[in-house]
Each structure stands twice: as C-alpha cells, then as structure tokens.
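# Working through the structure, step by step
Residue-level listing of the chains:
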Amino acid sequence: MFSFQAEHRVFTGDGTAWEKDSSHVSLFDCSKLAIGSAEASLAWLARELAWPARDAPARRVAVGTDRYLRCPFCARVFSLSDRNRWGGGTHLSCGQRIDIVEKTP
Ligand SMILES: [Zn+2]
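Note that the coordinates shown come from a computational prediction; the quantities given were computed from them, not determined experimentally. (Residues numbered from 1 in each chain as written. Predicted model: local features only at pLDDT ≥ 70, side-chain atom pairs only at ≥ 80, totals over all residues.)

### Digging into the overall build of the chain
Rules: Think of it this way: any DSSP run of H or I at least four residues long counts as a helix, any run of E at least two long counts as a strand, and we number them from the N terminus. Each residue is represented by a C-beta atom placed from its backbone, and any two residues with such atoms within 7 Å are regarded as in contact.
Helices and strands together make up the secondary structure of the chain, namely one helix and six strands. Moving toward the C terminus, one meets the helices and strands of the chain in the order β-β-α-β-β-β-β. Taking all contacts inside the chain whose residues are at least 6 apart in sequence as the whole, residues at least 24 apart take part in 35%.

The structure is reproduced here in structure tokens:
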C-alpha cells in the first residue's frame, strides 16, 4: 500500500533551498470543512441581508391571549409560538425587533 503526504514547498529566491510554505494551510485541516464553514457563513449573511427591518428600532406590540400579532414593519400576522416566524424578540420574516406588551382585557 502506498501513502503520500502532500506538503507545499517553495523554492527560495536565491535558489539554494526549498522551504515549507504554510500560506496555504487552512485553519481547518480539511478543505471540505472550510468550504462548509464558508457556505454556512454566506447563508447566514444572506439571511441577515434578507431582513429589510434589521436596522429598524424595536417596536412595542400588544399581544392578547391568542398570542397572535401583526408585525408593525411587514404587516404579516404570526403567532408567538411559531418558531419559524418568531425569534424571541425578532420577527424572523423581516427582522423587525418587537417588544411584546401584554394586552390588558
Ligand atoms: Zn415583520
């Protein structure tokens, strides 16, 4: 069985020696890990940029016992129990930060 350990080496300017080039060495040992991490970062960035209300100031919204509210930014109605829509302070569809105020009957 044959195994081969790849190692980048560069020839020094004066031509007398080969030196190890570590400029290609990733923080991740494996390029697949690095690519996966970069893709995850880009996906996160895309989600961040997809929030048109990400820089809008927080708004107070009164919520009744049904736990539904209308987003003051995008006007979509959603439930506080919908984990795909409510991020515990942020409407996940548009990024609007919302302070929940209990509606008094
Ligand atoms: Zn919204």
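Next comes the rest of the description.
### Considerations on helix H1 (residues 31-49)
Going by this rule: Any helix carries an expected span of 1.5 Å times its number of residues minus one. Partly exposed residues are those whose C-beta has more than 12 but fewer than 20 other C-beta atoms within 10 Å; 20 or more makes a residue buried and 12 or fewer makes it exposed, with C-beta atoms placed from the backbone.
Here H1 is 19 residues long and its end C-alpha atoms lie 27 Å apart, about the 27 Å a rise of 1.5 Å per residue gives. Among the 19 residues of H1, zero are classified as buried, and the element is accordingly described as predominantly exposed.

### Considerations on the environment of alanine 56
Examined against the element boundaries, alanine 56 turns out to sit in the loop between H1 and strand E3 (59-63). Taking the C-alpha atoms as reference points, alanine 56 and glycine 95, separated by 39 residues in sequence, lie 8.4 Å from one another. With residues near it in sequence (within four places) discarded, alanine 56 still touches Phe73 and Gln96.

### Here we look at the environment of phenylalanine 78
For phenylalanine 78, the position within the fold is in strand E5 (residues 77-79). On the basis of neighbour counts, which here come to 18 C-beta atoms within 10 Å, the residue phenylalanine 78 falls in the partly exposed class. Sequence-distant contacts of phenylalanine 78, defined by excluding residues within four places in its chain, comprise Cys71, Arg85, Trp86 and His91.

### Quick word on unusual backbone geometry
Phi angles above zero are rare outside glycine, and arginine 67 is one such case at about 65°. By secondary structure assignment, the location of arginine 67 is in the loop between E3 and strand E4 (68-70). Arginine 67 sits in the partly exposed class, given 13 other C-beta atoms within 10 Å. Backbone geometry places alanine 75, a non-glycine residue, at a positive phi of 65°. You can see alanine 75 is positioned in the loop between E4 and E5.

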